[in-house]
Amino acid sequence: MAPTLLLDLDGTLTDPAPGILAGVRTALTAMGRESPPDRDLLSVIGPPIRVSFRRLLGEDGDVEAGVRLYRAYVAERGLKEAAVYPGIFEALAELREAYAGRVFICTAKSQPFAEATADHFGLRPYLAGVYGAELGGRFEDKADLIAHMIPAEGIDPAHAVMVGDRSYDMIAARANGLTAIGALWGYGSEVELREAGAHALCAAPRDLPAALKA
């Protein structure tokens with residue numbers, strides 16, 4: 001089987017903080033909840049959105065209402081408030097060639113929003129496909145998503161790499177036998193990524209093609 005590259009989206013290809021944080025604040029305000037400072041909200045970037053709202057709202061909170069309000073904001077404005085990290089397009093051009101086109105987005109973001117993001121920011125030409133969670137929550141666990149992708153795309157885990165900026169990416173990659181590469185330009189720290197089992201770390205998007213050859 002040909003080698004395959006899986007790329008996280010939020011915090012790896014794009015910096016989504018403005019839109020995600022505004023969406024969470026909007027949802028919390030609409031639910032009559034006080035919104036924490038932005039520095040305390042950054043932890044919502046990476047995990048499935050239901051996990052984040054469960055933590056923010058507590059056991060008695062209406063998580064699904066929070067998700068609906070958040071998605072309404074993101075659909076209207078939030079997606080466009082992200083930005084592609086400098087150097088990503090150059091890296092993707094090299095990686096598309098190196099992996100013979102077998103480059104996929106693999107994200108806990110819901111599938112429709114992941115596809116809309118890829119289209120809006122011009123990422124689609126570099127990709128063989130976009131995989132995200134279902135709106136109802138299936139595949140929010142990235143380990144489950146990768147397990148789904150393996151037969152769907154004929155992926156050989158021994159010749160596949162997952163690149164992401166959070167512990168969830170590293171854990172999911174290892175759970176499926178993939179090489180896990182931590183992206184240090186995102187929202188996970190070096191400590192978080194190493195403790196989650198990263199095989200290697202990459203400092204900047206421009207370094208990614210070289211890091212994947214190592």
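Please read all numbers here as calculations on a predicted model, not as lab measurements.

S.K.: Help me understand the environment of Tyr70 in this model?
M.R.: Within the fold, Tyr70 resides in helix α4 (residues 63-76). Taking the C-alpha atoms as reference, Tyr70 lies 8.8 Å from Ile49; in sequence the two are 21 residues apart. Discounting chain neighbours no more than four positions away, the residues touching Tyr70 are Ile20, Gly23, Val24, Ala27, Ile49 and Phe53.

S.K.: Mind showing me how you'd approach the packing of helix α7 (residues 142-153) against helix α8 (residues 167-175) here?
M.R.: Two packed helices can be described by the angle between their axes and the distance between those axes. Across the interface, α7 lies against α8 with an axial gap of 8 Å and an inter-helix angle of 40 degrees. Regarding the angle of α7 to α8, the classification is oblique. Here the hand of the crossing between α7 and α8 comes out right-handed. Contacts between α7 and α8 involve Lys142, Ala143 and Ile146 from the former and Asp169, Ala172, Ala173 and Ala175 from the latter. Split into classes, the residues belonging to the contact of α7 with α8 amount to five nonpolar, no polar and two charged.

S.K.: Would you mind showing me how to read the sheet that holds strand β4 (residues 103-110) here?
M.R.: Across a sheet, strands are paired by hydrogen bonds formed along the backbone, either parallel or antiparallel in direction. The parallel open sheet is built from six strands, whose spatial order is β5-β4-β1-β6-β7-β8. What marks the edges here is a single partner per strand, and that holds for β5 (129-133) and β8 (200-202). Averaged over all pairs of adjacent strands, the angle between their axes in this sheet comes to 25 degrees, without regard to strand direction. Sheet topology places strand β1 (residues 4-7) next to β4; three bridges connect them, and they run parallel. Counterpart to Leu7 in the pairing with β4 is Ile105. Set on the sheet, helix α6 (residues 111-120) makes contact with β4 and β5; between it and β4 the angle comes to about 130 degrees. In the packing of α7 onto the sheet, the strands contacted are β1, β4, β5 and β6 (160-164), and the crossing angle to β4 comes to about 145 degrees.

S.K.: Is there a simple way to explain empty space enclosed by the protein in this structure?
M.R.: One water molecule sets the probe size; rolling that probe over the atoms shows where empty space is left. Counted by the stated rule, this structure contains two cavities of 30 Å³ or more. The volume enclosed by the largest cavity comes to roughly 290 Å³. If you go around the largest cavity, you meet 23 residues; those closest to its centre are Asp10, Pro47, Ile49, Ala108 and Lys109. Mapped onto the lining of the largest cavity, the elements with two or more residues apiece are α4, β4 and α8. Broken down by element, the residue count for the lining of the largest cavity peaks at four residues, all from β4.

The rules we used
- Residues numbered from 1 in each chain as written.
- Predicted model: local features only at pLDDT ≥ 70, side-chain atom pairs only at ≥ 80, totals over all residues.
- Heavy atoms only, no water.
- Helix = DSSP H or I, 4+ residues; strand = E, 2+ residues; numbered from the N terminus.
- Contact = heavy atoms within 4.5 Å.
- Axes fitted to C-alpha atoms, helices over the stretch in contact; angles between N-to-C directions.
- Parallel < 35°, antiparallel > 145°, perpendicular 65-115°, else oblique.
- Left-handed = near helix turned anticlockwise from the far one by under 90°.
- Nonpolar A, V, L, I, M, F, W, Y, C, P; charged D, E, K, R; others polar.
- Pairing = 2+ DSSP bridges.
- 1 Å grid on protein atoms, 1.4 Å probe; cavity = no way out; pocket = protein on both sides within 12 Å on 5 of 7 lines; lining within 4 Å.
- Points joined across faces, edges and corners; volume = space filled by probe spheres on them.

Don't take any of this as a statement about function, it's just geometry.
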